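Chain residues, written in single-letter form:
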Amino acid sequence: MSDNNAYRGSQRLKRVNVPVSYDEEQIKEFEKCALDPIYFIRNYIQIINVDLGLIPFNLYPYQEEMVDIVTSNRFSIFKLPRQSGKSTLLASILVWYILFHENYSVLVLAHKGDNAKDIMQRVKLAYENVPQWMQQGIVKWDVLSVFVENGSKIVASTTTSIVTGK
């Protein structure tokens, strides 16, 4: 990508109003991803493995079920152990939502600021590794928020600041 098309010099992010010429295969892929979040996550989301670096996100069956539940229900509650991939999976689902849904707003609430930042780092890692022909242009990209050109956004905050007003 040329520097003119990159968001603030980042070769991994597309700025707004960058024209994209899709070939037939890309159009089919875009449509398939828009309709099937599991397909999108399996094929276009990468996660960090401690030993191997960036690898495709190979979902476990329980994670596929979580994707179906989250994308089919406005409210979802899961009882899961630590280190089961919840945050990474939900970050991947959020990337799917903002890429393929116009004017979609997400508020990520975390108990502590570090947790909110961690979730946003996962969202950003996933977004940066989606092919640029599939990305929405970036309007705003900072520590606790991502705004894209289709009007969708993800904003992270702490529950403490909301409850206490601090």
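The coordinates are above.
Let me begin by describing the structure that accompanies this report. Keep in mind that this is a model prediction, so the values were computed, not measured. (Residues numbered from 1 in each chain as written. Predicted model: local features only at pLDDT ≥ 70, side-chain atom pairs only at ≥ 80, totals over all residues. Heavy atoms only, no water.)

Looking now at the packing of helix 1 (residues 24-35) against helix 2 (residues 37-44). Packing of helix 1 against helix 2 brings their axes to within 5 Å, and their N-to-C directions diverge by 120°. The angle between helix 1 and helix 2 falls in the class oblique. Of the residues in helix 2, those touching helix 1 at Glu-29, Lys-32, Cys-33 and Leu-35 are Pro-37, Tyr-39, Phe-40 and Tyr-44. Residues of the contact of helix 1 with helix 2, tallied by class, amount to six nonpolar, no polar and two charged. (Axes fitted to C-alpha atoms, helices over the stretch in contact; angles between N-to-C directions. Helix = DSSP H or I, 4+ residues; strand = E, 2+ residues; numbered from the N terminus. Parallel < 35°, antiparallel > 145°, perpendicular 65-115°, else oblique. Contact = heavy atoms within 4.5 Å. Nonpolar A, V, L, I, M, F, W, Y, C, P; charged D, E, K, R; others polar.)

A few words now on the packing of aromatic side chains. Evaluated as defined, the whole model comprises ten aromatic pairs. Note on Tyr-44 and Trp-133: the rings are 6.3 Å apart at their centroids and 90° apart in plane angle, and the pair reads as edge-to-face. Placement of the pair is Tyr-44 in helix 2 and Trp-133 in the loop between helix 5 (113-128) and strand 6 (138-142), with a sequence separation of 89 residues. (Phe/Tyr/Trp six-rings, centres within 6.5 Å; stacked < 30°, edge-to-face > 60°.)

Before going further, it helps to spend a moment on the packing of helix 3 (residues 61-72) against helix 4 (residues 86-100). At their nearest, the axes of helix 3 and helix 4 sit 11 Å apart, and the two run at 45° to each other. Relative to helix 4, helix 3 is oriented oblique. Regarding helix 3 and helix 4, the two cross each other, and that crossing is right-handed. Residues Gln-63, Met-66, Val-67, Val-70 and Thr-71 of helix 3 pack against Leu-89, Leu-90, Ile-93, Trp-96 and Tyr-97 of helix 4. Taken together, the residues of the contact of helix 3 with helix 4 sort by class into eight nonpolar, two polar and no charged. (Left-handed = near helix turned anticlockwise from the far one by under 90°.)

So, about the environment of Tyr-127. Among the structural elements, Tyr-127 can be located in helix 5. Looking at Tyr-127, the relative accessible area reads 1%, which means it is buried. Not counting residues within four places of it along the chain, the set of residues in contact with Tyr-127 comprises Leu-13, Val-95, Ile-98, Leu-99, Gln-135, Gln-136, Ile-138, Trp-141 and Val-148. (Buried < 20%, exposed > 50% of the residue type's maximum accessible area, 1.4 Å probe, protein only.)

Under the counting rule described, the total for this entry stands at four salt bridges. Between Glu-64 and Arg-42 there is a salt bridge; the shortest N-O distance is 2.3 Å. Taken as a pair, Glu-64 in helix 3 and Arg-42 in helix 2 lie far apart in primary sequence, 22 residues in all. The class for Glu-64 is partly exposed, based on a relative accessible area of 21%. Here Arg-122 and Asp-118 are joined by a salt bridge, their closest N and O atoms 3.0 Å apart. Of the two residues, Arg-122 and Asp-118 are both situated in helix 5; the distance of four residues between them amounts to about one turn of the helix. Overall, Arg-122 belongs to the partly exposed group, its relative accessible area being 32%. Asp-118 sits in the partly exposed class, given a relative accessible area of 29%. (Salt bridge = Lys/Arg side-chain N within 4 Å of Asp/Glu carboxyl O.)

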